[in-house]
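Now for the letters of each chain:
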Amino acid sequence: MTESLDDLPIRPVLKSLVNPPVFKPVPPGVRFMQFNECAWPPSPKVTAAIAAAAGQVNRYGDSHWSRLAPVIAARSGVAQDRIVCGNGSAELITLASTAFIEPGRNVVVSTPSFPRLGGASRIAGGAVKAVPVKDDGAHDIEGLLAAVDGDTRLFWLTSPNNPTGADVSAAELAHIVRSLPQHAVLAVDEAYGEFARAAGGIDALEHLKGQTRPWFVMRTFSKAYGMAGLRVGYGFMSSPALAEAFHRVRNTFNLNIVAQAAALAAFEDQDYMWARVRECVAERERLRARVDGLGLRCLKSAGNFLLIELPMDGAAAQAALRQQGIAVSTVKAPGFERHIRVTISGPDDNDAFFAALATLAAPAPRAARA
Ligand SMILES: Cc1ncc(COP(=O)(O)O)c(C=O)c1O
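Residues numbered from 1 in each chain as written. Predicted model: local features only at pLDDT ≥ 70, side-chain atom pairs only at ≥ 80, totals over all residues.

(A) Geometry of the sheet that holds strand 10 (residues 305-309). Judged by pairing direction, the sheet is antiparallel, and its 4 strands sit side by side in the order 9-10-13-12 without closing on themselves. Edge positions in the sheet fall to strand 9 (297-298) and strand 12 (329-330), since each has one partner strand and no second. Relative to strand 13 (residues 339-343), strand 10 is paired through 5 bridges, and the arrangement is antiparallel. Bridged to Leu307 within strand 13 is Arg341. Those strands touched by helix 11 (residues 270-293) are strand 9 and strand 10, and its axis lies near 10 degrees from that of strand 10. (Pairing = 2+ DSSP bridges. Helix = DSSP H or I, 4+ residues; strand = E, 2+ residues; numbered from the N terminus. Contact = placed C-beta atoms within 7 Å. Axes fitted to C-alpha atoms, helices over the stretch in contact; angles between N-to-C directions.)

(B) Representation of unusual backbone geometry in the model. Note the cis peptide between Thr111 and Pro112, where omega equals 0 degrees. Inspection of the secondary structure assignment puts Pro112 in the loop between strand 3 (106-111) and helix 4 (115-123). Across the junction of Ser159 and Pro160, the peptide omega takes the value -5 degrees, indicating a cis bond. With respect to the helices, strands and loops of the structure, Pro160 is situated in the loop between strand 5 (152-158) and helix 6 (170-179). A positive phi is found at Arg231, a non-glycine position, where the angle reads about 60 degrees. Within the secondary structure, Arg231 is located in the loop between strand 7 (215-220) and strand 8 (233-237). For Arg231, a count of 20 C-beta atoms within 10 Å puts it in the buried group. (Buried ≥ 20, exposed ≤ 12 C-beta atoms within 10 Å, placed from the backbone.)

(C) Up close: the site of the ligand. Within the structure, the ligand sits among 13 residues, and Gly88, Ser89, Ala90, Thr220 and Ser222 are positioned closest to it. Considered class by class, the residues forming the shell around the ligand number 4 nonpolar, 8 polar and 1 charged. (Near = placed C-beta within 6 Å. Nonpolar A, V, L, I, M, F, W, Y, C, P; charged D, E, K, R; others polar.)

(D) Representation of the nonpolar core within the structure. Formed by 98 residues in total, the largest nonpolar core has its most connected members in Leu154, Phe155, Ala187 and Ala262. Residues from two domains meet in this core; each of domain 1 (19-36 + 271-359) and domain 2 (44-269) gives at least three. Dropping the residues within four chain positions of it, Leu154 is found in contact with Ala96, Phe100, Ile101, Val107, Ala184, Val185 and Ala187. (Core = buried A, V, L, I, M, F, W, Y, C linked by C-beta atoms within 7 Å. Domains from an automatic or database assignment.)

(E) Up close: the packing of helix 2 (residues 68-76) against helix 10 (residues 257-268). One way to put it is that helix 2 packs onto helix 10 with a least axis distance of 9 Å and a crossing angle of 25 degrees. When the interaxial angle is binned, helix 2 and helix 10 end up roughly parallel. Helix 2 and helix 10 meet at a crossing whose hand is left-handed. Note on element contacts: helix 10 touches helix 2 through Gln260, Ala263, Leu264, Phe267 and Glu268, opposite Leu68, Val71 and Ile72. Class assignment of the residues belonging to the contact of helix 2 with helix 10 gives a composition of 6 nonpolar, 1 polar and 1 charged. (Parallel < 35°, antiparallel > 145°, perpendicular 65-115°, else oblique. Left-handed = near helix turned anticlockwise from the far one by under 90°.)

(F) Highlighting the pairing of strand 2 (residues 83-86). Here strand 2 shows no split at all, with Ile83 and Cys85 on one side and Val84 and Gly86 on the other all buried. Relative to strand 8, strand 2 runs antiparallel, the two being bridged by 4 bridges. Considered in strand 8, the bridge of Cys85 is made with Tyr234.

(G) Looking closely at the environment of Arg297. Within the secondary structure, Arg297 is located in strand 9. Take Arg297: there are 17 C-beta atoms within 10 Å of it, and that puts it in the partly exposed class. For the pair formed by Arg297 and His339, sequence separation is 42 residues and the distance between their alpha carbons is 9.4 Å.

(H) The domain arrangement of the protein, seen in detail. The assigned domain composition of the protein is domain 1 (19-36 + 271-359) and domain 2 (44-269). For domain 1 and domain 2, the distance between their C-alpha centres works out to 24 Å. Listed as interface residues are 23 residues of domain 1 and, on the opposing side, 24 residues of domain 2. Put simply, the parts of the chain that give the side of domain 1 that touches domain 2 at least two residues each are helix 11 and strand 10. For the side of domain 1 that touches domain 2, the element with the highest residue contribution is helix 11, accounting for 9 residues.

Take a look at the structure:
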């Protein structure tokens, strides 16, 4: 008998979900500007820490990250019992969804945004109330707040937003804090927060620290710290009770021993991280000015990526660029069919991307999105 998914006693909601995409290793020679990773390798102190930890992998990692969490606590001023680490911040998204979402409940999130934010809610059996971003790629804060109902449990706010690059202002955050009902947890995803802060963006944690309503702020070692392959994220919780909710649904040993040692070394080498972030931000602005010069619409970005509107289908542009040895991403959201997202890389890759972009069809007049 050939067994299909329908023959298995799976939860009915799984039948409406799709498999995750298959991502194969990048062939040598391809300029990989697709996943918003850090183009620069991690600090040499990180590679040394990895080497030192390699001989200890016969042991499980520390279940409560008891070397890493105190260091994060000391720098942030948030007590250790309000810090939760995850296997990438993606795990924290899953944990939040598992803790707060079930059939009948929903999350509110912008579209387009990081797909996992809505996806994890669907897996948990909940609904997604997706609110289109504004024409300039910014969150529609009033629209998001208006979408909140009595069943909303997570209010996702990505700052900067992937893929549009917009970050939130202090005034917007304060307005959300004032307006969001207590039964909806304010969930701020700052995966790209360092890139925003390096250019004058706000630190959501500093703005939320004194707030008594339920909130959490998620960050990651995948982007600014150049450690996507090791999978380490961390979150600041409004209270020990909120941290407890995450602990109850997580795997005990969610961070491996090498990842914990590497994250500690990375976090202690802030100078290295900020130097890379500043380099990336400078490259981003250099590339954006050049893309602008082509007459293409390129949204202002606070992240390590740019979203570019083309006079052609985004998937066709992606394929054409791939032909030229450059991998970029498309956006799967209504109104973004002609966009590509490119991760800022070193000057050589950015120049190669720009040269390839310029060979694509001549720009059409700027189109307003429906
Ligand atoms: C907005 C946003 N949040 C979270 C993540 C997850 O990152 P990670 O699991 O590597 O920490 C990503 C990854 O691209 C992202 O773009």
